[in-house]
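Letter by letter, the chains look like this.
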Amino acid sequence: MEISKIYEPKKVEDRIYNLWLKSGFFNPDKLPIKKKVFSIIMPPANANGSLHLGHAVFVALQDIMIRYHRMKGDKTLWLPGADHAGFETQVVYEKKLEKEGRNRFQIPREQLWKEMWDFTQANKTIMENQLRQLGASCDWSRKKFTLDPDIISKTQDTFIQMRKQGLVYRGERLVNWCAKHQTAFSDLEIKYEERNDPLYYIKYGPIILATGRLETKFGDTAIAVHPKDKRYQKYINKEVEIETLIGKTKIKIIADEAVDPDFGTGAVKVTPAHDPTDFEIWQRHKNEIPGPIEVIDKFGRLNLLEHFPNNTEAKKYHGLKIVEARKIIAEEMEKKGLMAKIDQNYKHNVGLCYKCGNVLEPRLLPQWFIKIKPLADKAIEVVKKEKIKFIPSRFNKIYFHWMKNIHDWNISRQIVWGIQIPAWFCECGEIIIQKEKPEKCAKCSGNKIEQDTDVFDTWFSSCQWPFLALGFNKSQSSSKSKITDYETYYPTNVMETGYDILFFWVARMIMLGLYKTKKIPFKTVYLHGLVNDKDKKKMSKSKGNVIDPFGIIADYGADALRMGLIIGNTPGNDLAFSEDKIRGYRNFANKIWNASRFVLMNTKKFNPKSQPKLSNKDKKTLNDLKTFTKEITKLMEDFKFYKAAEKIYHYFWHTFCDKIIEEQKKRLSDSNKANQQNSQYLLLKILKTCLMLLHPFMPFITEEVYQNLPIKNKKKCLMNENWPKY
RNA sequence: GGGCACUUGGCGCAGUGGUAGCGCGCUUCACUGACAUUGAAGAGGUCAGAGGUUCAAAUCCUCUAGUGCCCACCA
């Protein structure tokens, strides 16, 4: 052990990580099969950038659990992986293209795919290296990527299976469309924001109705009122003539429960092509009113000429963007005396693209949906019966609420980067669901067949991750001699991730896991909070308050970073990151270093074979240590890592260093050799126990010190030591 | 419009019925050989407010205020 007075992580961390790698014990195959298995599937990080502090938190938490269980003697697997992260990566890559003056819509699909493949592969390498820097003791021999051929194939299998069982349907429904990114989303990906927009009271014949969306008026197919609204009884089921700006037309007044009599005048226009509520109203009145008239195109511009080709007035509005169209239409209607009034204090929520913040346009598009209700019911059940437990438990309620009100899941995305949907369209209109291109259409015998260009929502593959990453294969389950990883490690013990993806990921993993394997995918869900800056503000590039964990590691060491991210970090609650805190744990690492240095310097002549004769006080000290060990073990079992880490910190510094070592100083220089020996025994014993207890939290420094102890077992790593008994 | 959480010394957080704790920061002193990334001593809180339950409440219940977050198709 070097004699430096200061602990220098840079000189230690790489070397120690390589020592672990060489030992081979990250791979549980090397570990004897005992009664217990412990497994965690690492949440696959998005392969589109570097790891941030949020990743560092999950690495620290999971590595703590993994190292603890490995030391306890469990057959312990931590399986690392990376996610292609469909739309997320597409957005990152589009920004890169933009900087280069390119545009994804001008690049052929195959070329774009190839570029993005190389991009994500490069990021994967960086990320793996960063995981090592954080000390992640995961099994690299089992690492997986969500675009590995077997994962792609099995993901498509699931889709095909669900389709056969009627759990997947193709629906022409209103979906949330982003005009910038040219794709639809699921409900979860919408960000709502309160806006203050004008509410226009317009005259439709004898009726005055209120709308915020003037520009969709060309797609109106009816006026709706509440069936019991006294004001409009005489109009219900009658037609009225209205002035549309591009001519006159007749429009029917219908009664529907969905209309709130207190909104505006109690009468609303019905635009089935551009409003979800209106779409549903139309479905209930299909026989009475015309269907959807699409007047807004995929670029978010008015498209009138398609429906009103020879209308010269329509040309005035054709091609206008929504905002300007609204303005111009309002002016025009005022001119013509069709505007009753404008309420400028109208507050409402608008749905935005969670990436670019543009207003999402509901559009009528054929998309693949998962019928989610049957899956959700089963997923509710397993949590209710406590087969799956959330930490903290308050997420039960949140989970139940969402699951009970769940909507069908749109899994189609109009992007390149993802797993292509195994659906084929024949020109005759037939849809064929299979992975390979069909030779000919069974219906028309034609061979003009094209694959669906859409890809799956990335969450559709990642929600199957626990069993896919473990190589789940239905046909193999009644297998021959070899026990598969899936059989050994599934269901996994813990899913540790941020609470922000409870719905996106955790809930869906439970649903798909149950569907596909008939088993829960994991037993415990530990949900950590988000890492904010020291003022509790969310970190973001635009605010410039993002802290790079690897800069922190360079300055203070990985152990200090891990401690700073663990202590004070209770499940489900956000964490305020402060460099001062990390500095404190850097100091602690230094304290460990120097206390160890002291013990090692004073135990050079220690004879491990000699039997110590302990005084009563020694016995009490060691007994206290046992009690303490027991306490820590209990906290580890209870997932209270924040508390365990704090307690060990306190014991090491203020009991071991400040009291025990100080007391032993006289004894170490005692002329009585036996007394010296006893003292050395005591110090080594306590130091070694502390190193073991600390190892899950601060793996590097504890391993480095351990390697220099005169009482370690040969060829062993601390990583692979037995958790202390009590 | 619903729901969830938080409010404890300057800051960040523990603490779920029995005389207020931790880290950082602060004050004073100490650079004698493990460590100044240190040691010793210390200051600092009517536990957001009000009411209730109890022999006893930071801890349980009700209400109020402030903060943060999540969910929701009111045009």
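Everything numeric here is computed off the predicted structure, so don't read it as measured data.

Undergrad: Explain the packing of aromatic side chains residue by residue, including any values.
TA: This model, assessed by the stated rule, comprises 39 aromatic pairs. Ring centres 5.5 Å apart and planes at 15 degrees place the aromatic pair Tyr169 and Phe369 in the stacked group. Note that Tyr169 is positioned in strand 6 (residues 168-178) and Phe369 in strand 15 (residues 361-370), a separation of 200 residues in sequence. Measuring from ring centre to ring centre gives 5.5 Å for Tyr585 and Tyr649, while their planes differ by 75 degrees; the resulting arrangement is edge-to-face. In this pair, Tyr585 is assigned in helix 17 (residues 579-601) and Tyr649 in helix 19 (residues 641-668), connecting sequence segments 64 residues apart. In this structure, Tyr585 and Tyr649 share a single accessibility class: buried. In this structure, Lys217 packs its charged tip against the face of Phe218, placed 5.5 Å from the ring centre. The side chain of Arg363 reaches across the aromatic face of Trp177, ending 4.9 Å from its centre.

Undergrad: For the sheet that holds strand 6, give the residues involved together with the corresponding values.
TA: Reading across the sheet, the four strands line up as 7-6-15-17 and stay open at both edges, with antiparallel pairing between neighbours. The strands lining the two open edges of the sheet, one partner per strand, are strand 7 (183-185) and strand 17 (409-410). Here strand 15 pairs with strand 17 via two bridges, running antiparallel. Residue pairing in the sheet places Ile370 in a bridge with Trp409 of strand 17. Lying on the sheet, helix 6 (residues 276-284) is in contact with strand 6 and strand 15; it crosses strand 6 at an angle near 145 degrees.

Undergrad: Quick rundown of the protein's contact with RNA strand B? Include the residues and the values.
TA: The immediate surroundings of RNA strand B are formed by 44 residues, with Phe263, Thr570, Arg597, Lys643 and Trp653 found nearest. Counting only atoms of RNA strand B within 4 Å of the protein, the sugar-phosphate share comes to 64%. In this structure, a phosphate oxygen belonging to RNA strand B sits 3.1 Å away from a side-chain N or O atom of Tyr346. At the level of secondary structure, the elements contributing two or more residues to the surface near RNA strand B comprise strand 14 (339-353), helix 17 and helix 19. Of the residues contributing to the surface near RNA strand B, the split by class is 16 nonpolar, 14 polar and 14 charged.

Undergrad: I'd like a rundown of the nonpolar core, residues and numbers included.
TA: Of all hydrophobic cores here, the largest spans 163 residues; its most connected members are Phe656 and Phe697. Examining the composition of this core, we find that 13 residues originate from one element, helix 19, more than from any other. With near-sequence residues (within four places) excluded, Phe656 lies in contact with Val599, Tyr651, Ile661, Leu683, Ile686 and Leu687. Judged by nonpolar contacts, the second largest core, of 34 residues, contains Ile202, Phe218, Ile246 and Met333.

Undergrad: How would you explain unusual backbone geometry if you had to name every residue and give the values?
TA: Note the cis peptide between Ile391 and Pro392, where omega equals -5 degrees. Relative to the elements of secondary structure, Pro392 occurs in the loop between strand 16 (389-391) and helix 10 (395-404). Cis geometry marks the peptide bond from Tyr490 to Pro491; its omega dihedral reads 0 degrees. Tracing the backbone through its elements, the reader meets Pro491 in the loop between helix 13 (485-489) and strand 23 (492-498). Non-glycine residue Leu245 carries a positive phi angle of around 85 degrees. Take Leu245: it is sitting in the loop between strand 11 (239-243) and strand 12 (248-255). The backbone phi angle of Phe639 is positive, close to 65 degrees, even though this residue is not glycine. Along the chain, the position of Phe639 falls in the loop between helix 18 (616-637) and helix 19. A relative accessible area of 17% means that Phe639 is categorised as buried.

Undergrad: Tell me about the sheet that holds strand 9 (residues 207-211), and name the residues and values.
TA: Read from one edge to the other, the open sheet built from three strands follows the order 9-8-14, with strand pairing classed as antiparallel. Sheet topology places strand 9 and strand 14 at the edges, where each strand pairs with a single neighbour. Neighbour to neighbour, the strand axes of the sheet diverge by 20 degrees on average, direction disregarded. Direction of pairing for strand 8 (residues 190-204) relative to strand 14: antiparallel, over a ladder of 12 bridges. For Tyr201, the partnering residue across the bridge sits in strand 14 and is Lys341.

Rules and cut-offs
Residues numbered from 1 in each chain as written. Chains lettered and ligands numbered in written order. Predicted model: local features only at pLDDT ≥ 70, side-chain atom pairs only at ≥ 80, totals over all residues. Heavy atoms only, no water. Phe/Tyr/Trp six-rings, centres within 6.5 Å; stacked < 30°, edge-to-face > 60°. Helix = DSSP H or I, 4+ residues; strand = E, 2+ residues; numbered from the N terminus. Buried < 20%, exposed > 50% of the residue type's maximum accessible area, 1.4 Å probe, protein only. Lys NZ or Arg CZ within 6 Å of the ring centre and 35° of its normal. Pairing = 2+ DSSP bridges. Contact = heavy atoms within 4.5 Å. Axes fitted to C-alpha atoms, helices over the stretch in contact; angles between N-to-C directions. Near = heavy atom within 4 Å. Polar contact = N/O pair within 3.5 Å; in protein donor to acceptor, adjacent residues only side chain to side chain. Nonpolar A, V, L, I, M, F, W, Y, C, P; charged D, E, K, R; others polar. Core = buried A, V, L, I, M, F, W, Y, C linked by side-chain atoms within 4.5 Å.

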